[in-house]
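Results of the structural survey
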Amino acid sequence: MPTIGVLALQGDVREHVRMLQEAGATATAVRRPAELDAVDALVIPGGESTTMWKLAETFDMLQPLRMRVKEGMPAYGSCAGMIMLADRIEDGIAGQQTIGGIDMVVRRNAFGRQVDSFESDLDFAGDRVHAVFIRAPWVESLGADVEVLGRCEPGDRIVAVRQGPLLATSFHPELTGDVRVHRYFVDMVREL
Ligand SMILES: NC(=O)CC[C@H](N)C(=O)O
């Protein structure tokens, strides 16, 4: 059974721990480099990417996170976590940095004020899932090695992608009780 960490600097950590356990993984919160060393894979939760970035620097986690991702650790980022896994971002705050790893440009708070939060059914890797979006980003553009796993209205925007061991969604599957996205990630971790 793989041990999957949930980055616990900020955001909805407990919900991801619960979903990972339901999907058959051992799940644990990760705050420090030594805890990161001990996991096979990592979930980066939703929250606020600017805060997460600053806390990652404060806790000396940004470089270790970049290193593990570069070495091929599987990671799944949801919402703010998607932003953290993007190589480039639009509408970040001044100097905002990411962990990176996925060759894509992600736009923060992209769906705009009128649809700050919304829910939508969409196809994720061939499964129909109910998706919750909260001040969500979308994928503005992506490299040739990035696979699109899901799109959503308005605008047929890209909201789920995978590049090798890295998975990202604009939405929050941990809030729906539907374990399939987490199961998809746990299966990824098992196969890699
Ligand atoms: N629900 C979320 O994770 C929101 C993401 C947030 N808008 C950010 O920029 O980080």
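Located above this text is the structure these notes cover.
A brief report on the enclosed structure follows. Given the structure is predicted, the values throughout are model-derived calculations rather than measurements.

**Here's the deal with the pattern of salt bridges**
- In the structure shown here, the tally under the stated rule is nine salt bridges.
- Between D91 and R107 there is a salt bridge, with the nearest N and O atoms lying 3.0 Å from each other. Of the two residues, D91 is situated in the loop between β5 (86–90) and β6 (102–107) and R107 in strand β6; the sequence distance between them amounts to 16 residues.
- Under the relative-accessibility criterion, D91 is labelled partly exposed at 46%.
- Between D127 and R180 there is a salt bridge, with the nearest N and O atoms lying 3.8 Å from each other. Taken together, the positions of D127 in strand β8 (residues 127–134) and R180 in helix α6 (residues 180–191) put the pair 53 residues apart, joining distant regions of the chain.
- Residues joined in a network through salt bridges with shared partners are D91, R107 and E140.

**Some words on the pairing of strand β1 (residues 3–7)**
- Of all five residues that make up β1, four are buried, and the element is covered over most of its length.
- Note: β1 against strand β2 (residues 26–30), five bridges, orientation parallel. Bridging from a neighbouring strand, V6 pairs with A29 of β2.
- Between β1 and its parallel partner β2, the chain crosses via helix α1 (residues 13–22), and the hand of that crossover is right-handed.
- By the bridge criterion, three bridges tie β1 to strand β3 (residues 41–44) in an arrangement that is parallel.

**A look at the site of the ligand**
- The local shell around the ligand consists of G46, G47, E48, S49, C79, A80, I83, R108, N109, I134, R135 and H172.
- Between G47 and the ligand, the recorded distance is 2.9 Å, taken from a backbone N or O atom to an oxygen atom.
- Between an oxygen atom of the ligand and a main-chain N or O atom of A80, the distance comes to 3.0 Å.
- Isolated, the ligand exposes 300 Å² of accessible area, and the fraction of that covered by the protein chains is 96%.

Calculation notes
- All residue numbers here refer to positions counted from 1 along the written sequence of the relevant chain.
- Reporting in this predicted model follows two pLDDT cut-offs: at least 70 for local features of residues, and 80 or more for side-chain atom pairs to be given and counted; totals over whole chains, interfaces and linings ignore these cut-offs and use all residues.
- To get the side-chain values, all heavy atoms of the structure are used, and hydrogens and water are removed first.
- Here a salt bridge means any side-chain nitrogen of Lys or Arg lying within 4 Å of a carboxyl oxygen belonging to Asp or Glu.
- The helix count covers DSSP runs of H or I at least four residues long, the strand count covers runs of E at least two residues long, and both are numbered beginning at the N terminus.
- Residue burial is assigned from relative accessible area. The probe radius is 1.4 Å, only protein chains are included, and a residue is buried under 20% of its type maximum, exposed over 50%, and partly exposed in between.
- One requirement defines pairing of two strands: DSSP has to find at least two bridges between them.
- Whether a crossover is right-handed comes down to one check: with the strands pointing away from the viewer, does the path from the first strand over the helix to the second run clockwise; if it does, it is right-handed.
- Neighbouring residues are identified by heavy atoms, a residue being near a molecule or strand if any of them is within 4 Å of it.
- Throughout this description, a polar contact denotes any pair of N or O atoms lying within 3.5 Å of each other; where both atoms belong to protein, one of them has to be capable of donating a hydrogen while the other can accept it, and for residues adjacent in sequence the pair is counted only when both atoms sit in side chains.
- Areas reported as accessible are Shrake-Rupley estimates using a 1.4 Å probe. Residue values count occlusion only from the protein chains shown.

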